[in-house]
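Observations on chain architecture
Below are the chains, spelled out letter by letter.
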Amino acid sequence: MEARKDEGMEAGRILMKESKTPPTVRIIHPRQPCNLQEERYTERVFTIREGATLELQCLVTGHPRPQVRWTKTVGGASERQADNGLGSPAIHSIRVDVYYLDDPVIWVHQSVGEMKEQFYSERTVFLRCASNGNPPVRYTWRRGREVLSQGSDAGVEIYEPFFTQGETKILKLKNLRPQDYAEYTCISSVRNICGIGDKSAHFSLTNLTAPPSIKLLLEDPMVVNPGETITLVCVASGGDPRPTLTWVRPGGEDLPRRSVVNGGTLTIPAVTVEEGGAYTCLASNHVGSPVKKSVSVLVRGLRKGRFWITPDPYHNDDNIQIGREVKISCQVEATPPEELQFIWLKNGRPLRSSERMVITHTDTNVSPGTTNLDIIDLKFTDFGTYTCVASLANGGSPEISIDVNISSTTVPPELTVPRGRSHLIAQEGDTVDLQCLVSGKPKPIILWSRVEESSAVAAVAPLTMPDGSAEMESYDGVLRISNVTRDMSGTYRCQTSQYNGFNVKPREALIHLVVQFPPVVEPTFTEVRQALGRAFSLTCRLLQAHPARLLRYEWKLGSRLLTVGQFSHQRDDTTYLVKALNREGYGEYTCDITNEVGAGRCTYLVTGKAYAPEFYYDARSALWQNRPRAYGFKLQWTQMEPGAVDRILAYRLGFRQMGQSHWWEQQIPIEGSIQKGELLTYNLTELIKPESYLVRLTPITRFGEGDTTERIISYSSKLEFQCGFEEEAICLFSQDKADEFDWTRHSAATRNTKYTPNTGPSSDHNGSKQGYYMYIETSRPRQDGDKARLLTPTFNSNAKSSASLSNSPTYCFSFYYHMYGKHIGALNVFLRQKGPTVTDTSVWSLSGNQGDQWLQAKVNIQPTTAFQMLIEGVRGAGIEGDIAIDDVAIQEGECTHPPSNNLRSLGHPSSPHIWPLSITLSMVLIGFQR
């Protein structure tokens, strides 16, 4: 870093009442779009080819510097929003239109009512060509090499279905003739937009053309054992062209991960129960509709064995009694259900159906299958262990055995809650056990659920168990909840299930759980900035707590106790007042609000640190040329909330060259108090070209250093300016005060209904009626010869020496103009240079009617000092003389292919004080607009 930090540095202060300015935003696209010339899209529509890289650039102004966010809305619109907290956020959007063309597909159909196995003479045939594309696809049909069009052949009709406009083109062959058996080609086209070439599809129509037919070479259903390898074979039994065969599962479900497809053959190795179900073979040859046939694959298996005991249904008694009937039921889910078979054992010996031991089975087509053992007139000799054994007739799956004991101790369940456990209190984070004691034999499974405590709660959403389900099972009657939270408070129900036990009315009990938690307070942390001697208050607010009684508060500064107290029933906050802040009053204030569970803490950090300065990025002519190897930069900023703390005494300025670690620092003293909105300026000089610098600025008060802010200063030798007048600020253009009238910002969409006809543009130069431009209104009271002058911002020339024109860089000044009307006056452009004296030099001029069209003018300029461009519109002899300009630009370097009406080569500017915030979407734009 060779810059001398003590030489050429200047500081200044300017009070700007409007230094804080709302944001403005504009989106541009540095890359050239591809566009439809016959469709006059506005500049807010960017067209791009699918697969290309989209780059959008956002130009933003405003102080403080706005925060920027990109969003994409439905339909392909990219929206850029800038917000700096002043007024409403600035929003600008651009619609991205992606051009693409998919391969066309031809489908062949025969007229309804005439469909036969083959397409033969005296029948009507439709060839439908469909393709997706943007812009809308245009179709061309060919028969052989002959181009077919509507009316070119009496036997051919070409049309688009009303409901698929632009998506489909149908070729109708009426009463099929021998010459109609031919090779047909459908060509889809988007007219080579964005270089997208035409695509085509072919179909050969013969007297053998027929829709597909298929058959499955297997049994339906296919019943297999788990672990076997199965092969599903589908073959085409007809169709020309030869159909394509594919295997699918209903509902779009994927084929098994290990499956192998070879044409019409699907192989599934080591099939599992979960892989059973329907499989469909689909055949298509683009003739008629696709055909399909399905097969069911049944993988043998037994699942979910259950039992229940039903006491005598003819007596109102839940107990088993000698001399009465008792039924034992056993239920199993089986695949396939017709192979399910049951046997009953008593004490390990086979049991046959008899008059007292009646065995019945449900229909084999009903799933799950159930078997019942009815014991009539129960005797002591009937006590024992009864076993239900379920199996599949053809094997393939292990059998399921269920033991049920019938004895004098077999009694229905009873459910109770242990003493003192019906109302539980736990603290947040604990592990809590809810327990229901179940008696009876056999012991049933216990089902746990939550109980709605009011209809209002039920209307909002059903309560769920800790695992998110509506119900949980427990085999020992205990529901364990780990890491319990406050939202788990409430009433829980334990209930006996009606399976694996007695088939009687469920027994149930309720347990109420209360989860206690420490107070929840706000704010949890707040920074308070205060000057010495001021009074202020700190408030800690209670949001919720359980229990909410006997709440205490305690205020501290660091470890020093300030005050304590207890909440009353009417208050939910506590406030601490500082009457006059002294140096010992700076620090961390805490307020702890406590209950018997714990404490919630509010924390306030009271500091005298100054807020961060806010760099002013919209400084005009911020960068200038200092010497051939050096440049200067005008650093400007405002101070955020300068009156919040003690007076700012100085700023610590640090800067370093990017890529290096060494910092140069110095203090900028400040005299007097800084006002809110006051713009401070400090000139950095002797910065080395073309290096960039990181600059940081820190305010200093008697408290010490405040918050630091940073920015990067970059050198640019290629300075560019462009303005489409889309924003009301019109890119800092200004009206010359020495002219007779002003230029007007205008949009065709807001044109006055009383406008003068036969003059002026009907849109901006991009063809948008919503787009803006500048124009001169020549209606009364304007008179012949009146002038309106518009000035660009002031730009610093990159001239190396003002003494030699040959050392000055060349710039290209360009703009679009519209001069239409029989009374058109003149449009003149001047280069205004601001040397020791201000000079205006004519660089371009044109007069008279140029037709109802936008034209572009380019002129080379070569300024030797700071300069502006002056655009002058001169009123002609009548009211039909409106002149408009649009899209003004200045670029370093000579103009490329300048129009013939530029006058001479003189000069150019610098950046328009706009931050280019760019987004590059380096991705394949597939489906962006589709």
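Residues numbered from 1 in each chain as written. Predicted model: local features only at pLDDT ≥ 70, side-chain atom pairs only at ≥ 80, totals over all residues. Heavy atoms only, no water.

For the chain, the name recorded in an unreviewed UniProt entry is MAM domain containing glycosylphosphatidylinositol anchor 2a, with Takifugu rubripes as its organism. Recorded in UniProt under Subcellular location (unreviewed entry), the annotation for the chain is "Cell membrane". (UniProt positions renumbered as here; feature names shortened; annotations may be inferred.)

1. As for the sheet that holds strand E15 (residues 183-189)
Ordered in space as E12-E11-E15-E16, the four strands form an open sheet in which the pairing is antiparallel. Both edges of this open sheet fall to strand E12 (146-148) and strand E16 (199-204), since each of them pairs with a single strand only. Strand after strand, the sheet turns through a mean of 30° between neighbouring axes, direction not considered. Relative to E16, E15 runs antiparallel, the two sharing six bridges. Across the sheet, threonine 185 pairs through a bridge with histidine 202, a residue of E16. (Pairing = 2+ DSSP bridges. Helix = DSSP H or I, 4+ residues; strand = E, 2+ residues; numbered from the N terminus. Axes fitted to C-alpha atoms, helices over the stretch in contact; angles between N-to-C directions.)

2. So, the packing of aromatic side chains
The description of two aromatic rings rests on the distance between their centres and on the angle between their planes. What the rule picks out here adds up to 17 aromatic pairs. Ring plane angle 40° and centroid distance 6.3 Å describe the contact between tyrosine 576 and tyrosine 589, whose orientation is recorded as tilted. A residue pair is termed long-range when its members are at least 10 positions apart, and tyrosine 576 in strand E47 (residues 573-578) and tyrosine 589 in strand E48 (residues 587-594) qualify at 13 residues. On the basis of relative accessible area, tyrosine 589 is assigned to the buried category, the value being 3%. Where phenylalanine 815 meets tyrosine 817, the ring centres are 6.1 Å apart and the plane angle is 55°; that geometry is what we call tilted. Judged by relative accessible area, which is 3%, tyrosine 817 ranks as buried. Within the aromatic cluster, the residues linked to one another by ring pairs are Trp555, Tyr576, Tyr589 and Tyr604. (Phe/Tyr/Trp six-rings, centres within 6.5 Å; stacked < 30°, edge-to-face > 60°. Buried < 20%, exposed > 50% of the residue type's maximum accessible area, 1.4 Å probe, protein only.)

3. Quick look at the pattern of salt bridges
This model, assessed by the stated rule, comprises 36 salt bridges. With its nearest N and O atoms 3.5 Å apart, the salt bridge here joins lysine 169 to glutamate 160. With a relative accessible area of 26%, glutamate 160 lands in the partly exposed category. Residue lysine 609 pairs with aspartate 707 through a salt bridge whose shortest N-O separation is 3.1 Å. You can see lysine 609 sitting in the loop between strand E49 (599-607) and strand E50 (613-615) and its partner aspartate 707 sitting in the loop between strand E57 (704-705) and strand E58 (709-713), a full 98 residues away along the chain. Judged by its relative accessible area of 27%, lysine 609 is partly exposed. Bridged by salt links that share partners, the residues Arg143, Glu146, Asp153, Arg177 and Asp180 form one connected network. (Salt bridge = Lys/Arg side-chain N within 4 Å of Asp/Glu carboxyl O.)

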